[in-house]
Amino acid sequence: AIGEHLDWPVGNFWQLTSPDALELTATWHAASIDAQRAAAMSYRSSFARGEGLPGRVWASGLPASIFDLAEEQNFPRGAVAREAGLRGAFAFPVLAGSSVIAVAEFFAPLQQVVDPELLSTAETLGRQIGQFIERNEAAAQASAAALLARFLLEASNVLGGSLDYEGTLRRVAELAVPGIADWCTVVALDERRQFRRVAVVNRDPAMREVVRRYEASFPPPEHRGGAHLDVFQGQKAILQVDVSDDDLRRAAQDEAHLAILRELGCSSCIMVPLAVRGE
């Protein structure tokens, strides 16, 4: 809407997703701009504080403009901008209170003198967008808390209502999916102190064949290392906010196992030990 109404035909939205980087979360371009040229302006996936136009706005907490990108020293995408036929730029911070949580950035094909009134309006708009993001995040957190509370209540009822060991654990896994997870697996130690998979549940019907191959081809102990074993040995829950391909490689038994772990698509996970009599 900003790009269309103010006639700035290319826009990027950078969010502070970690303490040390702004990361690209949305792009837009007008129909008059070639899609490949527009995409070239967002080839950078992140900016550090003070780096480039987004980083400069993050550091200052104030709107900023560039009259001619070709002459700007602190603009790593200068060559790309020239190839895309873009010359002018402006950006403004998105604020939560006094903290910058995102930066909106726009480009135009002509050299642009951005008047103070536009920058002042952009600053006000940045505060409104920041309030909108805060409200949505608060609503999402409240919704997640409600889902977790309902899961805990239902799981408690299941655990207290049956002596069917495997059936009960599978039912708990089914409650977790899709309530608080996309997929869940339960692995137990049997009387011979060997791993035995009790349940695998995935929310995506299209993944059933992948899950079937996973269960049939890689019986426990399927992990030769990694957080999975750390939980058993340390008896403490582990949260992996970002499961990398290196994590999957460390856990995989072989290349075929690695391929199926990639298919399952785990990007973040929590692993929790189920303790009985201190074990």
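Calculation rules
- Residues numbered from 1 in each chain as written.
- Predicted model: local features only at pLDDT ≥ 70, side-chain atom pairs only at ≥ 80, totals over all residues.
- Heavy atoms only, no water.
- Patch = residues over 30% accessible without salt bridge, like charges linked within 9 Å, V, L, I, M, F, W, Y side chains within 5 Å.
- Areas by Shrake-Rupley, 256 points an atom, 1.4 Å probe, with all protein chains shown as cover.
- Salt bridge = Lys/Arg side-chain N within 4 Å of Asp/Glu carboxyl O.
- Buried < 20%, exposed > 50% of the residue type's maximum accessible area, 1.4 Å probe, protein only.
- Helix = DSSP H or I, 4+ residues; strand = E, 2+ residues; numbered from the N terminus.
- Polar contact = N/O pair within 3.5 Å; in protein donor to acceptor, adjacent residues only side chain to side chain.
- Contact = heavy atoms within 4.5 Å.
- Axes fitted to C-alpha atoms, helices over the stretch in contact; angles between N-to-C directions.
- Left-handed = near helix turned anticlockwise from the far one by under 90°.
- Nonpolar A, V, L, I, M, F, W, Y, C, P; charged D, E, K, R; others polar.
- Phe/Tyr/Trp six-rings, centres within 6.5 Å; stacked < 30°, edge-to-face > 60°.
- Lys NZ or Arg CZ within 6 Å of the ring centre and 35° of its normal.

J.: Sorry if this is basic, but what is going on with a nonpolar patch on the surface here?
T.: The grouping of Leu 147, Leu 148, Leu 152 and Ile 180 at the surface amounts to a nonpolar patch, some 320 Å² of accessible area in total. Among the residues examined, Leu 152 registers a relative accessible area of 48% and is labelled partly exposed.

J.: Mind showing me how you'd approach the side chain of Asp 68 here?
T.: As for its placement among the helices and strands, Asp 68 is situated in the loop between strand 4 (64-66) and helix 4 (78-84). At 2.7 Å, the side chain of Asp 68 and the side chain of Arg 87 are in polar contact. Here Asp 68 is in contact with Arg 87 and Gln 111, once residues within four sequence places are set aside.

J.: In this structure, what is going on with the packing of helix 7 (residues 208-217) against helix 10 (residues 255-264)? I would like to understand it.
T.: Between two packed helices, what matters for the description is the angle formed by their axes and the separation of those axes. At a minimum axis distance of 10 Å, the contact between helix 7 and helix 10 shows a crossing angle of 145°. As for the relative orientation of helix 7 and helix 10, their crossing is left-handed in sense. Taking contact as the criterion, the partners of Val 210, Val 211, Arg 213 and Tyr 214 in helix 7 are, on helix 10, His 257, Ile 260, Leu 261, Glu 263 and Leu 264. Classifying every residue of the contact of helix 7 with helix 10 by side-chain character gives six nonpolar, one polar and two charged.

J.: For this particular structure, what's the right way to read the environment of Asp 7?
T.: One can find Asp 7 in the loop between helix 1 (2-6) and strand 1 (10-18). For Asp 7, a relative accessible area of 58% gives the class exposed. For the pair Asp 7 and Pro 178, spaced 171 residues apart in sequence, the C-alpha separation works out to 43 Å.

J.: Sorry if this is basic, but what is going on with the packing of aromatic side chains here?
T.: Any pair of aromatic rings gets described here by the distance separating the centres and the angle formed by the planes. Tallying each qualifying case throughout the model produces seven aromatic pairs. Taking 6.5 Å as the distance between ring centres and 15° as the angle between the ring planes, the aromatic pair formed by Phe 92 and Phe 106 counts as stacked. Taken together, the positions of Phe 92 in strand 5 (residues 88-96) and Phe 106 in strand 6 (residues 99-108) put the pair 14 residues apart, joining distant regions of the chain. Comparing Phe 92 with Phe 106 shows no difference in burial state: the two are buried. Among the aromatic residues, ring-to-ring pairing joins Trp 8, Phe 90, Phe 92 and Phe 106 into one connected group. Sitting above the plane of the Tyr 214 ring, Arg 197 keeps its charged end 4.5 Å from the centroid.

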